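Observations on the three-dimensional arrangement
Each chain, letter by letter, is given below.
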Amino acid sequence: MSKPTITSAHPLTHGLLVAAATGIVGLLIVVPLASVFAEAFAEGPAAWWRALAHDPDTRHAIWLSLTVAPLAVAINTVFGVATAWLVSRFRFPGRSLLITLCDVPFSVSPVVAGLALVLIFGRQGLLGPTLESLGWKVIFSWPGLVLATTFVTLPLVVRELIPVMEAIGPEEELAAVSLGASGWQVFTRVTLPNIRWALLHGIVLANARAMGEFGAVYVVSGHIAGATDTMPLRVEKLFQEYRTPASMAVASVLAGLALITLVAKVVIERRLEAEARELEAARSLPDTLDTTPLDTGFSTATKGLTS
Amino acid sequence: MNRSFLTPGPSFQPLAQAVVVLLAAATVGCSGSSSTPGAANRPAAIELLNVSYDPTRELYRDINAAFAKHYEQEHGTPVTIKQSHAASGSQSRAVIDGLDADVVTLATWPDVEAVAKSGLLRPDWQNRYENGSIPYHSVVVFVVRKGNPKQIRDWADLDRDDISIITPNPKTSGNGKYSFLAAWGAALAAGGSEDDAQKFVSAIYRRTPVLDTGARAATATFSQKGIGDVHLTFEQEAHLEVDESKGGLEIVYPKCSIRVDPPVAVVDQNVDRKASRHAAEAYLGFLYSPEGRAIIAKHHLRPWGDTPPPPAAGETWPAIETFDIAFVAGDWNNAMKKFFGEGGVFEAIYQPHTGN
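What you see as residue numbers is a count from 1 along each chain, following the sequence as written. As a convention, the first chain written is A and the first ligand written is 1, with the rest following in written order. For a predicted model such as this one, the threshold for reporting local features is a pLDDT of at least 70, and the threshold for listing and counting side-chain atom pairs is 80 or more; totals across whole chains, interfaces and linings nevertheless cover every residue.

Turning to the packing of helix α9 (residues 215-224) of chain B against helix α10 (residues 235-245) of chain B, a few remarks are in order. Residues and elements named next belong to chain B. In this analysis, axes come from line fits to C-alpha atoms, helices being fitted only over the stretch in contact, and the angle between any two N-to-C directions falls in the range 0 to 180 degrees. Secondary structure elements follow DSSP: runs of H or I no shorter than four residues count as helices, runs of E no shorter than two count as strands, and numbering proceeds from the N terminus. It is the contact of α9 with α10, at a shortest axis distance of 11 Å, that shows an interaxial angle of 35°. The crossing of α9 and α10 is right-handed. Residues A215, T219 and S223 of α9 pack against E237, E241, E244 and S245 of α10. Residues are grouped as follows: Ala, Val, Leu, Ile, Met, Phe, Trp, Tyr, Cys and Pro are nonpolar; Asp, Glu, Lys and Arg are charged; all remaining types, including Gly, are polar. In terms of residue class, the contact of α9 with α10 is built from one nonpolar, three polar and three charged. Note on convention: the crossing is left-handed when the near helix lies turned anticlockwise from the far helix by less than a right angle, right-handed when the turn is clockwise. Each residue is represented by a C-beta atom placed from its backbone, and any two residues with such atoms within 7 Å are regarded as in contact.

Here the focus is the sheet that holds strand β1 (residues 46-53) of chain B. Within a sheet, adjacent strands bond to each other through the backbone by hydrogen bonds, running parallel or antiparallel. Residue and element names in this part refer to chain B. Spatial ordering of the open sheet is given by β2-β1-β3-β9, a layout of four strands whose pairing is mixed. Both edges of this open sheet fall to β2 (79-86) and β9 (264-266), since each of them pairs with a single strand only. Adjacent strand axes in the sheet meet at a mean angle of 20°, parallel and antiparallel pairs treated alike. One ladder, built from three bridges, connects β1 with strand β3 (residues 103-105); its direction is parallel. Following DSSP output, two strands are said to pair if at least two bridges run between them.

It is worth spelling out the confidence of the model for chain B at this point. Residue and element names in this part refer to chain B. What pLDDT reports is the predictor's confidence in each residue, on a scale of 0 through 100. Looking at chain B, pLDDT values average 86 and 86% of them are 70 or higher. Confidence over residues 1-40 falls short of pLDDT 50; this stretch has 38 contacts with residues more than four positions distant or in other chains. Across residues 352-356 the pLDDT falls below 50, and counting only partners more than four positions away or on other chains, this stretch makes two contacts in the model. The ipTM assigned to the predicted complex is 0.75, against a pTM of 0.78.

It is worth spelling out the environment of F323 of chain B at this point. Secondary-structure assignment places F323 of chain B in strand β11 (residues 321-323). Taking the C-alpha atoms as reference, F323 of chain B lies 8.5 Å from A182 of chain B; in sequence the two are 141 residues apart.

Structure, rendered in structure tokens:
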């Protein structure tokens, strides 16, 4: 009930702020997004469908994006869970460095990331001759697209999990271990259920970023129509070929996926907030259980995990 | 008990195994994608990759369809041609870095020569096809807004304070290089000295508000974003841009301009590895055939050879005096070093402007 007092104190400021915020959001987000859909459907839904389904290069681009993004997200999910567990449960030399390194993709321009991959995997690159003699293609082929996408989305899952895992703490996992659970059982029955909403949140964000990735993918794709063009690259290519409606049709699919992501994100965030409240409530309960471990070896472990 | 929790022991094996299986699957996937090259000399179906520059998309769409039909009739082998288009310099770099091109059809001689220098082409690539492996040429022309409101007629008009010019970055774009060289050559052709030429070209880039990386991006800047009064570009690109504008733009032919000579080459190392040499050579040869020349002309590129076919029945090629790279800078090596290399003229005249 404290909010209305602020607004009623400065009605003019309040009005101006609301107008400015709505204006900016409208101008920068709603209008451009609406214009994408308007342009995409300018020639009717039949033309929209034709642009998407009857152009083999566009079809391939959609298929490629729907393959590359989940692959990159899958790699990041495995990596993210493992890394988040490692840094939230253990203290070891280089731990802060590892966390910092996980953030590098946030600060490095995607174009630089792409060029770095070319420098390593390109024909003249570090691993180029080896890959060539094995007959493997990484750059200018789909593995390069997966690598580039994985790089730019790397922090999203792990960054989402670290704070949640730290908040939950190791107690439940330790309890499971003390009751004789195997590592896999601890992971599937204790850790995973605890982090599932945060994990899903990270996956949704990573997937959205992966689908829309342009810069890094642009450098390593080679621009081969019907082979290495992902959806965002196809949008640009169609636009440059003066096929604006077709270009916007593909863009509308990307925008549609973004909207679905947004809804998923909101739903998941509500769950996350609810779980945080539950955790808080559980914490504030009077401690009725004696959590002092009986086994002395166990308490050493606890020290190692929580210090 | 606690040890097995702290240090992943036997109980973690299923997880570790899952990770190993996933990594292995990814590795196998990498190798699986490139299993096409075989021992056979003539594969059942051939796929060629033509790595080209920006303004040839429409041309090669038609050439590819016609050639595929022609080749299958002649040799009984179906052939599909994949296309890659971007700024010419970037494309050259990509082929050097491993983009698997069977043929390169790039905007400028240095772009193909760079691929040759990397060892992918034999040094004599220029002598493989007629006219120094240049099957068609173009000229740099002006595209202006409808009715030519700023009265831009010739090169001298670009040196006016009320004119804003669109041309891509000569460092990355072949189109950009040619525009630069055309302006320089036009100043020389008008009787100016090297100093006059440099002053004229500096004035042009001072009036260039955006330097896009490729020809198509520059076209979009001029025609779709509506920036600038005049767009310097290749004749065929100008026609496309004007057709697309549905009356909003028109072409102006300056009195003289540079002859644009985009060379083509078979990428020897790649075609030998992929066993696609026969089709790749036939593909470039097709550009010199009557059918190929007619398609080239239709796209407003001037085919090489005597009596070039007109762009359309009843039309003629507009007359324009041309000079070549030799007139502007002796040869391409010289031009690259003098104008576009590190510490070259372009850096000297453009660098101070970027801060504005």
